[in-house]
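Here are the chains, one letter per residue:
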Amino acid sequence: EKAPKYTFMHEANSAPEVSYYDYIIVGGGTAGCPLAATLSQNSTVLLLERGGSPYGNPNITNLEAFGEALSDLSPSSPSQRFISEDGVINARARVLGGGSCLNAGFYTRAAPLYVDDAGWDGLLVNESYRWVEKKVAFEPPMRLWQSAVRNGLLEAGVTPYNGFTYDHLIGTKVGGTIFDVEGHRHTAADLLEYANPNGLTVLLHASVHKIMFRINGKEKPTAQGVVFRDASGIKHRSMLGPVGPIISCIDSFLLSRLLCQCITLNNHIFGMLNYRMSKQSGCKAIVLRPPQLATVIRDQYSAILMSNFLNPNLQIGQLSTVPPKERTPDALAKAIDAMQQLEPEAFIGGFILEKIIGPISTGNLLLRSKNPNDNPSVTFNYFKEPQDLQRCIDGFKIIENVVESKSFSEFKYDFLSLPFLLNLTVNAPVNLLPKHANASTSLEQFCKDTVMTIWHYHGGCQVGRVVDPDYKVLGVDALRVIDGSTFNYSPGTNPQATVMMLGRYMGVRILKERLEGQ
Ligand SMILES: Cc1cc2nc3c(=O)[nH]c(=O)nc-3n(C[C@H](O)[C@H](O)[C@H](O)COP(=O)(O)OP(=O)(O)OC[C@H]3O[C@@H](n4cnc5c(N)ncnc54)[C@H](O)[C@@H]3O)c2cc1C
C-alpha cells in the first residue's frame with residue numbers, strides 16, 4: 001500500500017478490548033516501523049504507537065519547518081520536550097515514524113568496524129540498508145555554502161575526498177539525507193509501504209502502560225501481552241499467541257554514553273562538520289553575506305549539514321539550555337523569551353557545528369514515575385572526561401582553518417577576526433549557562449560555555465547489559481528491545497540509518513529463526 005493510504009492504520013479507540021497477535025511491537029518509531037513491515041510478511045503483527053500519524057503535518061514533511069515541530073509544545077505535538085539535569089533542552093519523538101519525523105535528516109551507514117563489533121552479519125546488514133534506502137534516502141544537492149565548506153575542509157587537510165556516499169569514511173564526504181530534492185521528508189513510516197496489509201495492524205494514540213508476564217512454574221517470567229490506553233484513556237489488552245515475542249522499540253533512552261556537543265555561530269548557516277571519523281571536530285563562527293544565503297540554506301552538507309536550522313523559529317530546544325540549579329519554570333520561560341527576541345535576520349546565515357562521536361563521558365537516567373509518558377531524569381555529564389573536551393578543542397582548530405580557507409572566503413567578512421566571531425557565538429542565547437570572559441580566547445571555555453545536544457542519545461538498553469546479542473531482554477522470555485537505546489554510541493556519522501537497518505535486519509532474523517524452528 002502507498003503512504004498515507006494505509007488500510008492497516010487505525011486509531012486505538014477502534015481496537016477491541018482484547019486482541020491476539022503473533023508479535024506485538026511497542027513503539028512505531030524509526031526501528032519499530034521497518035520491523036513491523038518485515039514481520040508482517042508471514043505473521044500477524046500489532047504495532048502500537050503513542051503518537052499520531054505523520055502524514056499531513058507540514059511541520060514534519062517540509063525541510064523548512066524543522067524548528068516548528070520541535071517547538072510545538074502542545075499535547076498533540078510529534079515532539080515531547082525533555083530537559084536534562086545539565087540543563088540542555090532535548091526532544092523525544094511522539095509520532096508514527098518516531099525520531100525520523102523530527103530529525104535533521106542526515107543519513108549515513110555505520111562503519112564496518114561498528115558492524116563487526118556488534119557481531120552483525122555483514123551481508124544481511126548491507127541488504128537491510130539497501131532495503132531502507134530504496135524508500136527513504138537521497139543525495140542532497142550541493143550549493144554554494146556546502147561546496148565552500150567541503151572545499152574548505154579539503155584545504156584544511158581533511159582528506160581524502162570521498163564524494164557522495166552513505167558510508168562512514170575518514171575524510172570529507174557528502175552524506176545522504178531523508179529529504180528528497182523537493183525538500184520533502186521521507187520517514188520510517190514510509191517503510192510500512194513494504195508491509196503485508198493482511199498481516200499488520202497499526203494503532204495510533206495507543207500508549208502502552210504495562211507488559212504482562214506469566215510465571216507458570218518457570219524459572220524466568222514470560223511476556224504474554226500488553227495493556228495500552230487509547231486517546232480517551234480507555235484500557236485495551238493485546239495478547240501474544242504461541243509465536244511471540246513482544247518487542248519494545250520505544251528508544252528507552254538511558255544514556256550511559258551520550259553526548260554531544262557543539263557550537264554555533266552567529267548569523268548563521270549551520271553546517272555540522274564531522275571530518276575525521278570518531279575524532280574531534282570543531283565549530284566556528286562565521287558571518288555570511290546575506291545575498292548568498294538563499295542558495296545554500298536548504299540542503300545538507302556532507303557529514304554534516306543542517307539545512308534546517310535556518311528556520312527563524314528560535315524555540316527549537318537545540319538552542320536553549322539552562323543551568324541545572326536555575327532550571328525553574330521562570331528561567332525556562334526567560335530562555336525561550338530571549339530566543340524569541342532575536343530578529344529573524346539573526347538566523348539568516350549558518351552554523352558549523354561539531355559532534356563528538358562516542359564520547360567517553362557517561363551519564364545516567366532515573367525514572368521519575370511509572371507513567372511512560374513522563375520524562376525521566378537524565379544527566380549527560382557533558383565534558384566530564386577531559387579527553388572529550390580536548391576533542392572539542394582539536395576539532396575547533398580544524399574548523400578555524402576551514403573558516404580561514406580560501407574556499408570559504410566568500411562567506412566571511414575580512415574585517416571580522418576569529419575572536420570576534422567566537423565572541424558573537426558566546427553571547428548569542430544558545431544556552432543560559434554562565435558565560436566566562438575568556439570564552440572567546442580559550443577554546444576550552446568556549447566548548448564548555450556553548451555546549452548543546454545533537455540529539456543522538458543511546459545506551460539505555462545496551463547489548464550485554466540489558467539485552468543479549470539477539471536483543472532478548474536478559475532474565476525474561478518473549479521480550480526483546482530493538483531500537484537506538486541498544487547502541488553504546490552513535491553508529492556512523494548519525495544513527496537513524498542504522499536504527500532503521502536494525503529494524504529490518506532483526507525482522508528478517510526473527511522470521512528466519514521461526515521458520516527454522518518449525
Ligand atoms: C531533533 C533531532 C534531530 C536528529 N537528527 C538526526 C539526523 O540528522 N540524522 C540521524 O541519523 N539521526 C538524527 N537524530 C536521531 C535519530 O532520529 C534517533 O536516533 C532515532 O530516530 C531513534 O530511533 P528509535 O527507533 O530508537 O526511537 P524513536 O524513533 O524515537 O521511536 C520510539 C517510538 O516509540 C513511541 N513510544 C514511546 N513510548 C511508548 C509507549 N509507552 N507506548 C507506545 N509507543 C511508545 C514513541 O512515540 C516513538 O514514536 C535526531 C533526533 C532528533 C530528536
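Residues numbered from 1 in each chain as written. Predicted model: local features only at pLDDT ≥ 70, side-chain atom pairs only at ≥ 80, totals over all residues. Heavy atoms only, no water.

**Overview of the overall build of the protein**
Along its length, the protein carries 12 helices and 20 strands. Across the 518 residues of the protein, 61% fall into the buried class. For the protein, contacts bridging at least 24 residues in sequence account for 75% of all contacts bridging at least 6. (Helix = DSSP H or I, 4+ residues; strand = E, 2+ residues; numbered from the N terminus. Buried < 20%, exposed > 50% of the residue type's maximum accessible area, 1.4 Å probe, protein only. Contact = heavy atoms within 4.5 Å.)

**So, the site of the ligand**
The immediate surroundings of the ligand are formed by 35 residues, with Thr 30, Glu 49, Gly 99, Gly 484 and Gln 496 found nearest. In this structure, an oxygen atom belonging to the ligand sits 3.0 Å away from a main-chain N or O atom of Val 95. In the environment of the ligand, a nitrogen atom lies 2.8 Å from a nitrogen or oxygen atom belonging to the backbone of Phe 106. About the coverage of the ligand: the protein hides 96% of its 1,000 Å² of free accessible area. Taken together, the elements giving at least two residues each to the shell around the ligand come down to β12 (207–214) and α12 (496–517). (Near = heavy atom within 4 Å. Polar contact = N/O pair within 3.5 Å; in protein donor to acceptor, adjacent residues only side chain to side chain. Areas by Shrake-Rupley, 256 points an atom, 1.4 Å probe, with all protein chains shown as cover.)

**Notes on the nonpolar core**
The biggest cluster of nonpolar side chains holds 71 residues, and the ones touching the most others in it are Trp 120 and Leu 192. With nine residues, the single largest contributor to this core is α12. In this structure Trp 120 touches Tyr 114, Val 115, Val 125, Tyr 471, Phe 487, Thr 498, Met 501, Leu 502 and Tyr 505, once residues within four positions along its chain are discounted. Counting 20 residues, the second-largest nonpolar core is a separate cluster that includes Phe 82, Phe 383, Leu 389 and Ala 439. (Core = buried A, V, L, I, M, F, W, Y, C linked by side-chain atoms within 4.5 Å.)

**Brief notes about the pairing of strand β6 (residues 89–93)**
Burial runs high along β6: four of the five residues are buried. Looking at chain direction, strand β5 (residues 79–83) and β6 are connected through five bridges and run antiparallel. Residue Phe 82 lies in a different strand from β6, and its bridge partner there is Asn 90. Linking β5 back to β6 in an antiparallel pair, the connection comprises five residues, with Gly 87 at a positive phi of about 95°. (Pairing = 2+ DSSP bridges.)

**Focus: the sheet that holds strand β2 (residues 18–21)**
Here four strands make up an open sheet; going across it, the order is β2-β14-β13-β12 and the pairing mixed. Two strands bound the open sheet, and with one partner strand each, they are β2 and β12. Shown here is a sheet whose adjacent strand axes are inclined to one another by a mean of 25°, direction ignored. Both strand β13 (residues 222–229) and strand β14 (residues 235–240) contribute to a ladder of five bridges, which runs antiparallel. Along β14, the bridge assignment pairs Phe 228 with His 236. (Axes fitted to C-alpha atoms, helices over the stretch in contact; angles between N-to-C directions.)

**With respect to helix α1 (residues 32–39)**
By the criterion of burial, α1 is predominantly enclosed, with eight of the eight residues buried. Turning to α1, its buried residues are Gly 32, Cys 33, Pro 34, Leu 35, Ala 36, Ala 37, Thr 38 and Leu 39. Check the buried side of α1 and you find it contacts β3 (23–26), β4 (45–48), α5 (122–136), β11 (200–204), β15 (246–248) and α12.

**Details of the state of the cysteines**
Tallied over the entire structure, the rule returns one disulfide. The disulfide that involves Cys 392 links it to Cys 447, with 2.1 Å between the sulfurs. Residues Cys 392 and Cys 447 are joined by a disulfide whose S-S torsion is about -90°; by sign, that bridge is left-handed. Note that Cys 392 is positioned in helix α9 (residues 386–403) and Cys 447 in helix α11 (residues 443–449), a separation of 55 residues in sequence. Free of any disulfide, Cys 101 has its nearest neighbouring cysteine sulfur in Cys 33, separated by 7.8 Å. What makes Cys 101 buried here is its relative accessible area of 1%. (Disulfide = S-S within 2.5 Å.)

**Some remarks on the side chain of Ser 19**
With respect to the helices and strands, Ser 19 occurs in strand β2. Within the local environment of Ser 19, its side chain forms a polar contact with the side chain of Ser 238, the two groups lying 2.7 Å apart. For Ser 19, the residues in contact, after removing those within four places along its chain, are Arg 237, Ser 238 and Met 239.

**A look at a positive patch on the surface**
A contiguous patch of positive charge on the surface is contributed by Lys 210, Arg 229, Lys 235 and Lys 370. Structurally, Lys 235 is set in strand β14. (Patch = residues over 30% accessible without salt bridge, like charges linked within 9 Å, V, L, I, M, F, W, Y side chains within 5 Å. Salt bridge = Lys/Arg side-chain N within 4 Å of Asp/Glu carboxyl O. Lys, Arg positive; Asp, Glu negative; His and termini not counted. Charge placed at Lys NZ, Arg CZ, Asp CG, Glu CD.)

**Details of the packing of aromatic side chains**
Enumeration over the complete set of coordinates arrives at 12 aromatic pairs. When the centroid spacing of 6.1 Å and the interplanar angle of 85° are considered together, the rings of Tyr 114 and Phe 487 count as edge-to-face. Of this pair, Tyr 114 sits in helix α4 (residues 112–118) while Phe 487 sits in the loop between β20 (479–481) and α12, and the two are 373 residues apart along the sequence. On the basis of relative accessibility, which here comes to 10%, the residue Tyr 114 falls in the buried class. (Phe/Tyr/Trp six-rings, centres within 6.5 Å; stacked < 30°, edge-to-face > 60°.)

**With respect to unusual backbone geometry**
Most peptide bonds are trans, and most residues other than glycine sit at a negative phi. Note the cis peptide between Ala 3 and Pro 4, where omega equals 0°. Here Pro 4 lies in the segment before β1 (9–11). Of note, the bond from Thr 159 into Pro 160 is cis; its omega dihedral lies within 30 degrees of zero at 0°. Look at His 205: it is not a glycine, yet its phi comes out positive at around 55°. Take His 205: it is sitting in the loop between β11 and β12.

**Things to note about the pattern of salt bridges**
Evaluation of the coordinates by the stated rule reveals nine salt bridges. Residue Glu 133 pairs with Arg 109 through a salt bridge whose shortest N-O separation is 3.0 Å. A residue pair is termed long-range when its members are at least 10 positions apart, and Glu 133 in helix α5 and Arg 109 in the loop between β7 (106–107) and α4 qualify at 24 residues. The same class applies to Glu 133 and to Arg 109, which are both buried. Close ionic contact of Glu 193 with Lys 135 constitutes a salt bridge, the shortest N to O distance being 2.9 Å. Taken together, the residues Glu 193 in the loop between β10 (176–177) and β11 and Lys 135 in helix α5 connect sequence positions 58 residues apart. Given a relative accessible area of 15%, Glu 193 falls into the buried group. What emerges from the salt-bridge pattern is a single network uniting Lys 2, Lys 135 and Glu 193.

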